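# Architecture at a glance
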Amino acid sequence: MRIRVDGAKCQGNARCWALAPDMFELNDEGYMEEAVIDVPDGDQEKASRAVRACPERALTLIDD
Amino acid sequence: MTATAVQDSIPAHVPPELVGSFNFYTSEQMVPTPMGDPQAATSVLHSGPPVFYAPNNTRNGEGTWVVVRAEDQRKVLQDGVTFSSNRRLFASALGEDWPLIPLEIDPPDHAKWRSLLNPLLSPKRVVAMEPIVRERAVEIIEEIRRSGNSCNAMDDFCLPYAVSVFLQFLGIGTENLRTFVDWAMDQLHGAPDKRTAAARRFIAWLDELQAERRKRPSDDFMSFVTQAEVDGRRMTEHEVRAMSVLLLVAGLDTVAAAVGFDLYYLARHPEQQTLLRTEPDRLVLAAEELLRAYPTVTPTRKATVDVELAGAPIKAGDLVACPAMTANRDPAEFADPDSIILDREDNRHVAFAYGVHRCLGSHLARREIVIGLEEWLARVGPFRIKEGTTPITHGGFVFGVKDLILAWD
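The structure reproduced in this document is the subject of the present report. (Residues numbered from 1 in each chain as written. Chains lettered and ligands numbered in written order. Predicted model: local features only at pLDDT ≥ 70, side-chain atom pairs only at ≥ 80, totals over all residues. Heavy atoms only, no water.)

### Topic: the interface of chain B and chain A
Definition in use: Here, residues are in contact when the closest pair of their heavy atoms is within 4.5 Å. Whenever Lys or Arg places a side-chain nitrogen within 4 Å of a carboxyl oxygen from Asp or Glu, that contact is recorded as a salt bridge. N or O atoms within 3.5 Å of each other form a polar contact, as long as, within protein, one can give a hydrogen and the other can take it, and as long as residues adjacent in sequence are counted only when both atoms are side-chain atoms. By definition, any uninterrupted DSSP run of H or I lasting at least four residues is a helix, any uninterrupted run of E lasting at least two residues is a strand, and each is numbered from the N terminus.
Facing the 22 residues of chain B at the interface are 19 residues of chain A. Inspection of the chain B/chain A interface yields four salt bridges. A salt bridge links B:E345 to A:R49; its shortest N-O distance comes to 2.7 Å. At the boundary of chain B with chain A, the tally comes to 16 residue pairs in polar contact (both at pLDDT 80 or more). At the level of elements, α3 (70–77), α5 (110–117), α6 (123–146) and α16 (362–379) of chain B are the ones that each hand at least two residues to the side of chain B that touches chain A.

### Points about unusual backbone geometry
With the exception of glycine, most residues fall at negative phi, and the peptide bonds are largely trans. Residue and element names in this part refer to chain B. Between I101 and the following residue, P102, the backbone shows a cis peptide bond with an omega angle of 0°. Mapped onto the elements of the fold, P102 is located in the loop between α4 (89–93) and α5. Of note, the bond from P107 into P108 is cis; its omega dihedral lies within 30 degrees of zero at 0°. By the secondary structure assignment, P108 is in the loop between α4 and α5. The phi dihedral of M35 falls on the positive side, at around 50°, and the residue is not glycine. Following the sequence through the fold, M35 ends up in the loop between β1 (33–34) and α2 (38–41).

### A short note on the sheet that holds strand β2 (residues 51–54) of chain B
Residue and element names in this part refer to chain B. Quick note on the threshold: One requirement defines pairing of two strands: DSSP has to find at least two bridges between them. Only the contacting stretch of a helix is used when fitting its axis, a line to C-alpha atoms as for every element, and angles between N-to-C directions run 0 to 180 degrees.
What the five strands build is an open sheet, ordered β2-β3-β11-β8-β4; its pairing is mixed. On the outer flanks of this sheet lie β2 and β4 (83–84), each paired with one strand and no other. Pairing analysis gives two bridges linking strand β3 (residues 64–67) to strand β11 (residues 319–321), with the strands arranged parallel. Bridging across to β11, W65 finds its partner in V320. Here α3 sits on the sheet in contact with β3, β4, β8 (300–303) and β11, set at roughly 125° to β3.

### Brief notes about the packing of aromatic side chains
Aromatic ring pairs are defined here through the distance separating the ring centres and the angle between the ring planes. Residue and element names in this part refer to chain B. How we decide: Here a pair means two rings of Phe, Tyr or Trp (six-membered ring of Trp) with centres within 6.5 Å. Their orientation is stacked below 30 degrees between planes, edge-to-face above 60, and tilted elsewhere. Burial classes: relative accessible area under 20% of the type maximum marks a residue as buried, over 50% as exposed, and values in between as partly exposed (1.4 Å probe, protein chains only).
Summed over the entire model, instances satisfying the criterion amount to 15 aromatic pairs over all chains. Seen from their ring centres, Y53 and W65 are 5.3 Å apart, and the 85° between their planes marks the pair as edge-to-face. With Y53 in strand β2 and W65 in strand β3, the pair connects residues that are 12 residues apart, well separated along the chain. A relative accessible area of 5% means that Y53 is categorised as buried.

### Examining the packing of helix α7 (residues 153–170) of chain B against helix α12 (residues 253–268) of chain B
Residue and element names in this part refer to chain B. Heads up, the rule is: If an angle is under 35 degrees, it is roughly parallel; if it is over 145, roughly antiparallel; if it lies from 65 to 115, roughly perpendicular; otherwise it is oblique. Handedness of each helix crossing follows the sense of rotation of the near helix against the far helix: counterclockwise by less than a right angle gives left-handed, clockwise gives right-handed. Asp, Glu, Lys and Arg are counted as charged, while Ala, Val, Leu, Ile, Met, Phe, Trp, Tyr, Cys and Pro are counted as nonpolar; the rest, among them Gly, fall into the polar class.
With their axes 8 Å apart at the nearest point, α7 and α12 run at an angle of 135° to one another. Put simply, α7 runs oblique to α12. Once α7 is placed against α12, the crossing between them reads as right-handed. Residues A153, M154, F157, C158, L159 and A162 of α7 lie in contact with α12, whose contacting residues are V255, A256, A257, V259, G260 and L263. Partitioned by chemical class, the residues of the contact of α7 with α12 number 11 nonpolar, one polar and no charged.

### Focus: the nonpolar core
Residues and elements named next belong to chain B. This is how the line gets drawn: Nonpolar cores are built from buried Ala, Val, Leu, Ile, Met, Phe, Trp, Tyr and Cys residues. Side-chain atoms within 4.5 Å join them into one set.
Counting 106 residues, the largest nonpolar core has F157, V163, W205, L263, W376, F383 and L406 as the members making the most contacts within it. Element by element, the count of residues in this core is highest for α7, at 13 residues. Dropping the residues within four chain positions of it, F157 is found in contact with A137, I140, I141, I144, N152, V259, L263, G372 and W376. Counting 22 residues, the second-largest nonpolar core is a separate cluster that includes Y53, A70, A312 and A353.

### Some remarks on the sheet that holds strand β5 (residues 150–152) of chain B
Residues and elements named next belong to chain B. Overall, antiparallel pairing links the three strands, which are arranged β5-β15-β12 in an open sheet. The two strands at the open ends of the sheet, each matched to only one other strand, are β5 and β12 (383–385). Neighbour to neighbour, the strand axes of the sheet diverge by 30° on average, direction disregarded.

### Observations concerning the layout of surface pockets
Going by this rule: Both cavities and pockets are sets of points on a 1 Å grid over the protein atoms alone; in a cavity a 1.4 Å probe fits but cannot get out, in a pocket the set is open with protein on both sides within 12 Å along at least five of seven lines, and lining residues sit with an atom within 4 Å of a point. Grid points are joined across faces, edges and corners, and a volume is the space filled by probe spheres set on the points.
Each pocket or cavity is described by its volume, and for the second largest pocket that value is around 540 Å³. Lining the second largest pocket we find 23 residues, and of these A:R15, A:A18, B:V284, B:E288 and B:R366 sit closest to its centre. Listed by contribution, the elements that provide at least two residues to the lining of the second largest pocket are α1 (15–19) of chain A together with α6, α14 (283–293) and α16 of chain B. When grouped by side-chain class, the residues that make up the lining of the second largest pocket number 11 nonpolar, two polar and 10 charged.

Quick look at the structure:
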């Protein structure tokens, strides 16, 4: 499982970071940059909650 | 306003069937109401058209479109080119014409201003501010406890708390706290002439602080912005003013009103109060649910081109209002939206708006709310609305609650 981050859509709500601070690395402005994040085994549930938490719909789950 | 005057204020391109009878200023529950629930009163809009026209829906009596659903609000607020934020509201109240920075600057110019400020209020920076925020909360609550078994929640706690955290952020002491709170009260609740006078006093005070920090910079917000470079040059005095005024108007009454609505809710729900007092770890999630249930603002944009939105024929120049209250009670977005469920998960509420103008202070506001409630619950015993008193709620520009007299044993 991976998460695609649409950097252009991120507005720094940081709800993903609030739910899973180890999975989402904010830049100095507090925003996510364009990225594809590998979800560690066992963290799938946390990852999908973080994706659902984004008010901007900037995160997409890729179910490999 | 008479029926004829209302008719006259509706532009010809608005289809009669899309003219609503609800507005956020003078409708039932929007006017000052004893023990009201103004956010809940907006839920009824979900049974009407997704976008409707509300005559007399600003402080100045202008008509606006009202975007009811979360999904449509997202379209508006994420598109700062079609829906401009450049309304120059604060300046126009003073008979002037300049934008608040960055709120009233549209993309692409907006980004450079926002990037400058983002690091100052990032989630990580806010973590570093927590000890001082907590210290302020404790000081104010302990002073209240020393003076008796009841208080006016807004005047004695919520507003002084929000103001003192703001003063701390600006980098100045709290010795002028009471004067500042009085100005804020005038600015929020005064008659129009009082509001204007308070705004001018705020500006004069900020100008003075700016001049002082330009001469003798220290380690605070005002020093930072007076030294900061945009487009390879220092910011002008005017730009610094337009930025610091915004932080002031955006950060005081909104946080105070949010904490006020939370205490108003908890005073009426002793069992939830007990739960949060005994299990404070629940507060982070609970504060999100209370932000969903009791948001206070309505981001409003001006259409730059003719555009259709969910069946509404919006014309360039029309105002488009996106009340957080209706998006946060959208049944397409939230299960059982009118129930307050303090451990609600997947709470993608819009209390801080969407898009490039997402509330810059949201991370600080969240922590202020959680820390304020945590310290209040831990230090004040079970509290209630004082017998014989009646809180008054209202809608409008910033929803609020006043005359909230809390008592405890």
